[in-house]
Structures are given as structure tokens and as C-alpha cells.
Amino acid sequence: MTRQKFLIISNARSGSTWLETSLGSLEDVTTDYEIKLPFSVMGIKNMPYQFADIHLKLGDGHTVSSNLDKIEGSTPIVGSKLVFDPGVPMISSGIGVLKQLCEKEVKIIHLTRDYYEIMKSWLIRGMVHSVADKNEQRDGGHIFSSVVKDFEQTPNPDEVRKSVNYTLDHAFLWLLGLLSYDLAVLELCRQADHSIHIDYRDIRARFHELAVFTGSTAGRDEADQILARPFTRKLKKLDERDM
């Protein structure tokens, strides 16, 4: 069976895990893992990347499509996400590599979020998520298997960092990185057969539209039920006083 494939691409702390697991909760969609583009593959030297079990690596013969083929499941649609980390701006050679490694037939969901909100979430909360209570897995436990493992190692996500050290120079570099990655995805979307842009604030309102974009036949009732009982729970709103 040839499965339809999609990839969510975003900066960190933009809601990609929430969106990935929500789309993967649809009856005809399976999602898992996080695809990573190593710095070395982008042409950035002397910056080794620490891969985790949740990561699938691009480069060395591995493309977006071949990585999506690794995701288990019998559904006709499969998807994952590619998340950029702040602090290292995209360079022109990296854009070219990304375009080479992402096949045109892979549907692209470009997820964006206000840069100030991203930086606030990153500085205060770090890389944490939370699974909602009493969620069941389907497909014999294969769905979100790597995502769940990653969550189980996460500390209390509602506890903010006690001490945050950053400078304006760091903040500027992060902002440059966030912008460069979004511009790179725009370049990628120009070559993709199918692409769609969604802002973090509009995920709820446009979730059914995103489901249809992936190829899902889910109705609005199914989409609404998933939003009402998401796999990942939303964390409490951050306060600037925590920074």
C-alpha cells in the first residue's frame, strides 16, 4: 500500500507536538518521531547534534520520505515533524540540502508562531511537554511510541525554570535563527506539490482543514472530539515575571 505522507515543519516551541499527536489521533492517520536535519548536513561544521530515540536523521541516504516509511502502522496516511532548534541560523547551503532531502510528493505543513512567544516558552520552560491523562493508544501501541517515551522522561512541565541566563546577544541570534528557518521553509514550500501554512493561534479553528489537507476523510465531529480530548495537554500560560 502506498501511503500519503506529510511533514509538519516548525521552529521549536511552536505547538508541533500538539499538532502531530492530534493529527495522529485521526482514525486514518499515523504519526510518530521527529525528523532532524543535522548541522553537519547543512554545512555547519564543529557542531555535533545529540540525537535521541525520538529522532530520525536526514542525510547519509535518508530522506524525508524514507524516514516516514519507517513509521509503523496500517493507516493510509503517515506523518511526522521536523523541528528546528534556535540559536543556529540557517545558511544558504542548508536550504539547498533541505530541498534535496524532502521529496515533492510529501505534503508540507508550515507551522509558525510569534517569535516572542517562542523565546519566552524556550527560556522559561525549555523542551518539555505533557501527556493528557487517560489517553489510550491505538494500532497496538505503535502510535506515538517514540513521542510517549520522550514524554515519560520529562520533568514536571508546569514547573518553570528557576534560573534563566541569557543576554541580548543570545536573543538576537535566536531571533535570526527563527526567521532564517521560516524563510527556508517558504523556499521548500515553493517546490512542494502541496503545502499549507498555519499559525499556532489558529490550530484549533483550522484543525479539520489540516486533517483534510493530509488526505484524511475524518469529519468535523471526529476532529472536534480529538480537540476536546487531545493527546497532549496544554500547559499553563507563562508569565513574563518568570523570566
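As a reminder, the structure under discussion sits directly above these lines.
Calculation criteria
Residues numbered from 1 in each chain as written. Predicted model: local features only at pLDDT ≥ 70, side-chain atom pairs only at ≥ 80, totals over all residues. Heavy atoms only, no water. Axes fitted to C-alpha atoms, helices over the stretch in contact; angles between N-to-C directions. Helix = DSSP H or I, 4+ residues; strand = E, 2+ residues; numbered from the N terminus. Left-handed = near helix turned anticlockwise from the far one by under 90°. Contact = heavy atoms within 4.5 Å. Nonpolar A, V, L, I, M, F, W, Y, C, P; charged D, E, K, R; others polar. Phe/Tyr/Trp six-rings, centres within 6.5 Å; stacked < 30°, edge-to-face > 60°. Buried < 20%, exposed > 50% of the residue type's maximum accessible area, 1.4 Å probe, protein only. Lys NZ or Arg CZ within 6 Å of the ring centre and 35° of its normal.

Peer 1: How should the packing of helix α3 (residues 92-101) against helix α6 (residues 168-191) be read in this particular structure?
Peer 2: Angle between the axes and distance between the axes: these two values describe a pair of packed helices. One way to put it is that α3 packs onto α6 with a least axis distance of 10 Å and a crossing angle of 35°. Crossing handedness for the pair α3 and α6: right-handed. Along the contact surface, α3 presents Ile95, Leu98 and Lys99, while α6 presents Ala184, Glu187, Leu188 and Gln191. Here the residues of the contact of α3 with α6 are counted per class, giving four nonpolar, one polar and two charged.

Peer 1: I tried to follow the packing of aromatic side chains on my own but got confused; where do I start?
Peer 2: Each pair of aromatic rings is reported with the distance of its centres and the angle of its planes. Tallied over the full model, the rule gives two aromatic pairs. With centroids separated by 6.1 Å and ring planes inclined at 65°, the aromatic side chains of tryptophan 18 and tyrosine 200 adopt a geometry described as edge-to-face. Linking tryptophan 18 in helix α1 (residues 16-24) with tyrosine 200 in the loop between β7 (195-199) and α7 (203-214), this pair joins segments that are 182 residues apart in sequence. Overall, tyrosine 200 belongs to the buried group, its relative accessible area being 19%. Pairing phenylalanine 84 with tyrosine 181 gives two aromatic rings, centres 4.2 Å apart and planes at 5°, and the pair type is stacked. Of this pair, phenylalanine 84 sits in strand β5 (residues 77-84) while tyrosine 181 is found in helix α6, placing the two residues 97 residues apart along the sequence. The residues phenylalanine 84 and tyrosine 181 share a single accessibility class, namely buried. The positively charged end of lysine 107 is found above the aromatic ring belonging to phenylalanine 213, 5.9 Å away from the centroid. We note arginine 113 situated over the ring of tyrosine 200; from NZ or CZ to the ring centre the distance is 4.1 Å.

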